[in-house]
Amino acid sequence: MSGSTGGKRWVAAAGIIAGVLAVLSVAAFAGFTLDGGPAARLSRLAVSDGFLPVSLTVFGRGPDTISARISLYDPSGSLVGMVERSWSGWELYLDCVLVGTGSGWLVFPFLAYTDETIPGHGVDLVRCYDRGGLPLIHDATGLDSRERGALRRLFWLVKTERWMPVWFGSLHHRRVSIRSFEAGVEYRLHVGRNGDLRLVAD
């Protein structure tokens, strides 16, 4: 009986902690929105009907595996992170978090996975471009301290998606995959005006 009671208390405590963290995240997002908002602070970083500093190169596909490289760059074109490996599965997906600014989209690559990956799992892409809480793929030259601070706060919210229970809600996600490809060709990530993602041969 005591073990059962202890287990229930642990579940209750975990629920309370998760709830508090969720409230803090919502409060942070509200503060971010009220403090000038993404359109006011980060609109010049947004992309609409343009390419993002992310690419996918597929080397080959077998009966039950796919081999590929995902490359992430900063706005100047310097490589900041890379994942190169083989996955079990036939089709590779890139899952991204999208934040609209009014003038376009801020896109944060989030997970890479295949049709055989357990839902909610995959290769963490955020760690590839996270440097001290700053997303290097959006760290453009000339950002002032207010813009960089706003970018850090937004990125912190994006990263809460890794541990926030799904029943508390989620940020806006879009995923993209490539069914037919030319082996060894680099495909660049493109975002449309409405937030649609596609991979285009370079």
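This write-up is about the structure you can find in this document. (Residues numbered from 1 in each chain as written. Predicted model: local features only at pLDDT ≥ 70, side-chain atom pairs only at ≥ 80, totals over all residues. Heavy atoms only, no water.)

## Some points on the packing of aromatic side chains
Remark: the centre distance and the inter-plane angle together describe each pair of aromatic rings, the angle taken between the planes. Applying the stated criterion across every chain yields a total of three aromatic pairs. Connected via pairs of aromatic rings, a cluster forms that spans Phe 108, Tyr 129 and Phe 155. Looking at Arg 61, its charged tip hangs above the ring of Trp 90, at a distance of 3.9 Å from the centre. The ring of Phe 51 carries the charged tip of Arg 188 above its face, separated from the ring centre by 4.1 Å. (Phe/Tyr/Trp six-rings, centres within 6.5 Å; stacked < 30°, edge-to-face > 60°. Lys NZ or Arg CZ within 6 Å of the ring centre and 35° of its normal.)

## Here we look at unusual backbone geometry
Of note in this structure, Asp 49 is not a glycine but carries a positive phi near 55°. Mapped onto the fold, Asp 49 is located in the loop between helix H2 (37–42) and strand S1 (50–61). (Helix = DSSP H or I, 4+ residues; strand = E, 2+ residues; numbered from the N terminus.)

## Quick word on the nonpolar core
Counting 52 residues, the largest nonpolar core has Trp 87 and Phe 108 as the members making the most contacts within it. With eight residues, strand S5 (residues 105–114) is the single largest residue contributor to this core. Those residues in contact with Phe 108, other than ones at most four positions away along the chain, are Asp 95, Cys 96, Val 97, Val 99, Tyr 129, Pro 135, His 138, Leu 154, Phe 155 and Val 158. (Core = buried A, V, L, I, M, F, W, Y, C linked by side-chain atoms within 4.5 Å. Buried < 20%, exposed > 50% of the residue type's maximum accessible area, 1.4 Å probe, protein only. Contact = heavy atoms within 4.5 Å.)

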